[in-house]
Amino acid sequence: MAKCESLVECVNLLPNLFLGSDPEMLGIVEKILLRDITDCVLPVLCRVGLILPDLQTKNRQLLDAFSKQVLNSLQNVKKEETDEVVHNFLSKLCSSFVKLRRWPHMYRNRDVEGLLYKLLLTELRKQLGMQPASVAWIAQFMLTLNRGRLPLLLIERISAVLPQFSVPQINYIASGFRVHSRTRHHSLLEQQLSYLNHMMHYAALKQLNSITNLNSLTFTVSQFVHRNQDIDESVLNELMDQYLKFLPDFRIQHVLPTARILLATRYYMPELADRLCRCVVENEQTIGRQFAVVLYVCNLINYSPCREMLETSVRLLLRHKDELSALDTLHAAVAFGLFRYLDRAVVDAIFHLNFLEKVDKELEGILCKCRLDGVRIKVRGGNFNPNVLMINTA
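Computed from a predicted structure; not experimentally measured.

## Considering the overall build of the protein chain
Looking only at helices and strands, the protein chain features 21 helices and 0 strands. The buried share of the protein chain, taken over its 394 residues, is 52%. Of the contacts made within the protein chain by residues no fewer than 6 positions apart, 76% connect residues no fewer than 24 positions apart. Summed over its atoms, the accessible surface of the protein chain is roughly 20200 Å², and 51% of this surface lies on carbon and sulfur atoms.

## Quick notes on the nonpolar core
With 123 residues, the main nonpolar core has M142, F165 and M240 as its most contacted residues. In this structure M142 touches Y117, L120, L121, L124, R147, L150, P151 and L154, once residues within four positions along its chain are discounted.

## Thoughts on helix α4 (residues 60-75)
Residues that lie three or four places apart on an α-helix share one face, since the helix turns once every 3.6 residues. The terminal C-alpha atoms of α4, which comprises 16 residues, lie 22 Å apart, in line with the 22 Å expected from a rise of 1.5 Å per residue. Those residues of α4 not exposed but buried are L62, L63, A65, F66, S67, Q69, V70, L71, S73 and L74.

## What to know about the environment of H87
Along the chain, H87 falls in helix α5 (residues 82-101). Owing to a relative accessible area of 67%, H87 belongs among the exposed residues under this scheme. A C-alpha to C-alpha distance of 9.9 Å links H87 and E123, two positions 36 residues apart in sequence.

## Comments concerning helix α7 (residues 132-145)
Relative to the 20 Å expected for 14 residues at 1.5 Å per residue, α7 spans 20 Å between its end C-alpha atoms, a close match to the ideal helical length. Most of α7 sits out of view: 12 of its 14 residues are buried. Among the residues of α7, P132, V135, A136, W137, I138, A139, Q140, F141, M142, L143, T144 and L145 are the ones counted as buried. Once α7 ends, the next one or two residues include N146, with phi positive near 50°.

## Remarks on the side chain of H331
Within the element layout of this structure, H331 appears in helix α19 (residues 326-338). Apart from residues no more than four positions distant in its own chain, H331 is found in contact with A292 and Y296.

## Some points on the packing of α7 against helix α8 (residues 152-161)
At a minimum axis separation of 10 Å, α7 and α8 run at an interaxial angle of 140°. Read as a crossing pair, α7 and α8 show a hand that is left-handed. In contact with P132, V135, I138, A139 and M142 of α7, α8 contributes L154, R157, I158 and V161. Among the residues making up the contact of α7 with α8, the classes are represented as 8 nonpolar, no polar and 1 charged.

## Details of the confidence of the model for the protein chain
Residues at a pLDDT of 70 or more form 82% of the protein chain, whose mean pLDDT is 81. Looking at the elements of the protein chain, mean pLDDT is at its lowest for helix α1 (residues 7-20), recorded as 54, and at its highest for helix α16 (residues 270-282), recorded as 96. Overall, residues 371-394 carries pLDDT values under 50, and its contacts beyond four positions in sequence, including any with other chains, amount to 50 contacts.

## Some points on the pattern of salt bridges
Charged atoms that come close allow side chains of opposite charge to pair. Scanning all chains against the criterion turns up 11 salt bridges. With a shortest N-O distance of 3.1 Å, D274 and R278 are connected by a salt bridge. Placement of both D274 and R278 in helix α16 is noted, with a separation of 4 residues, approximately one turn of the helix. Owing to a relative accessible area of 28%, D274 belongs among the partly exposed residues under this scheme. The class of R278 is partly exposed, set by a relative accessible area of 38%. Of the charged contacts, one joins R275 and E282 as a salt bridge, the two residues approaching to 3.8 Å between their closest N and O atoms.

## Some thoughts on unusual backbone geometry
Here R266, not a glycine, exhibits a phi torsion of approximately 55°, which is positive. Position of R266 among the secondary structure elements: in the loop between α15 (255-265) and α16. One non-glycine residue with positive phi stands out, namely R340, at about 55°. Within the element layout of this structure, R340 appears in the loop between α19 and α20 (344-350).

## Regarding the packing of helix α18 (residues 307-319) against α19
Close contact between α18 and α19 brings their axes to 11 Å; oriented N to C, the two are set at 150°. You can see that α18 and α19 cross each other, and the crossing is left-handed. Side by side, α18 and α19 meet where L310, S313, V314 and L317 of the first sit next to T329, A332 and F336 of the second.

## A look at the packing of aromatic side chains
What the rule picks out here adds up to 1 aromatic pair. Arranged with centres 5.7 Å apart and planes meeting at 20°, the rings of F66 and F97 form a pair that is stacked. With F66 in helix α4 and F97 in helix α5, this residue pair connects regions lying 31 residues apart in the sequence.

## Quick look at the environment of L338
Mapped onto the secondary structure, L338 falls in helix α19. On the basis of relative accessible area, L338 is assigned to the partly exposed category, the value being 42%. Linking L338 and C298, residues 40 residues apart in sequence, is a C-alpha distance of 9.8 Å.

Cut-offs and rules
Residues numbered from 1 in each chain as written. Predicted model: local features only at pLDDT ≥ 70, side-chain atom pairs only at ≥ 80, totals over all residues. Heavy atoms only, no water. Helix = DSSP H or I, 4+ residues; strand = E, 2+ residues; numbered from the N terminus. Buried < 20%, exposed > 50% of the residue type's maximum accessible area, 1.4 Å probe, protein only. Contact = heavy atoms within 4.5 Å. Areas by Shrake-Rupley, 256 points an atom, 1.4 Å probe, with all protein chains shown as cover. Core = buried A, V, L, I, M, F, W, Y, C linked by side-chain atoms within 4.5 Å. Expected span 1.5 Å × (residues − 1). Axes fitted to C-alpha atoms, helices over the stretch in contact; angles between N-to-C directions. Left-handed = near helix turned anticlockwise from the far one by under 90°. Nonpolar A, V, L, I, M, F, W, Y, C, P; charged D, E, K, R; others polar. pLDDT = per-residue confidence, 0-100. Salt bridge = Lys/Arg side-chain N within 4 Å of Asp/Glu carboxyl O. Phe/Tyr/Trp six-rings, centres within 6.5 Å; stacked < 30°, edge-to-face > 60°.

Okay, here's the thing in structure tokens:
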């Protein structure tokens, strides 16, 4: 077993620890974090804070110790160093506590939140240098942490930079509405949220004017759909209607991202579903696993594919049965059953010992992989990028 004796070594080893899914080593990591967290300075705390949400730790003592050290570090910052701290560390710390506020942690520390809130208000009062990205993550923090009615200054700042918001920035703000949808609040806050909601929809619809090709459309819709579970139906209709203009441009590289959009929204659009199916048929020799995703999309949105699509999919499944994941195979089989096209050869391929063993292995590894992806990006990436504040957990 690799030795892990310091907090920095512990953070650097995290991707390998999750790859091995070693409970004993993960316990050691928590002990080292608890032991050394009181000696951490702000740069190290920010790095730990970006990783903690992905650990899915149930160790409340560790989260409390982390919060206490953040609080102490911020309180001990000298007045002349405040601007440097705000510039280098504030967005990272806010991002950490936003993520810890959500499932599965549902963790809060009112003292740290209050101090961060005061620092953010100071930022909002600045007359110059307030970029749309800064306004967006400040709004995300204040909405998610739900400390009562929103500062009027925040709403003024959002209104001022509204036309400049990018799709990811709109979604930072929109993500905060998920918390409020499950929380009772007084009428003034409800009015503020309603006003903000209208502004976000306006900003979203303005993005349509900049869409000139299918790649741009797919990116824009993906951002809204995958980062905002509560997307307004009228906005979604406007976005999806844009696909009708670009159907002739549809190519194999657009199949998977478009199918994922339909999976996430369950949006019934027969023209788009038909184009996906035709793309599978036209590219049988190169389509790969994407055919299974398209089949599952047809299943979920209740669209009946043509016979040629079903015949092609059966051939693809039998040809690539050893390469497909168990989940892809099961998705395809469920769709075949719904469309009354469950070939005997497909049944024989599924109810087979080798396939059942594959299912067991995938179930064992799926949690490990979900954790690893998020942790590896943050540990090895080095620099924090505010444009990836929101990570899909669907």
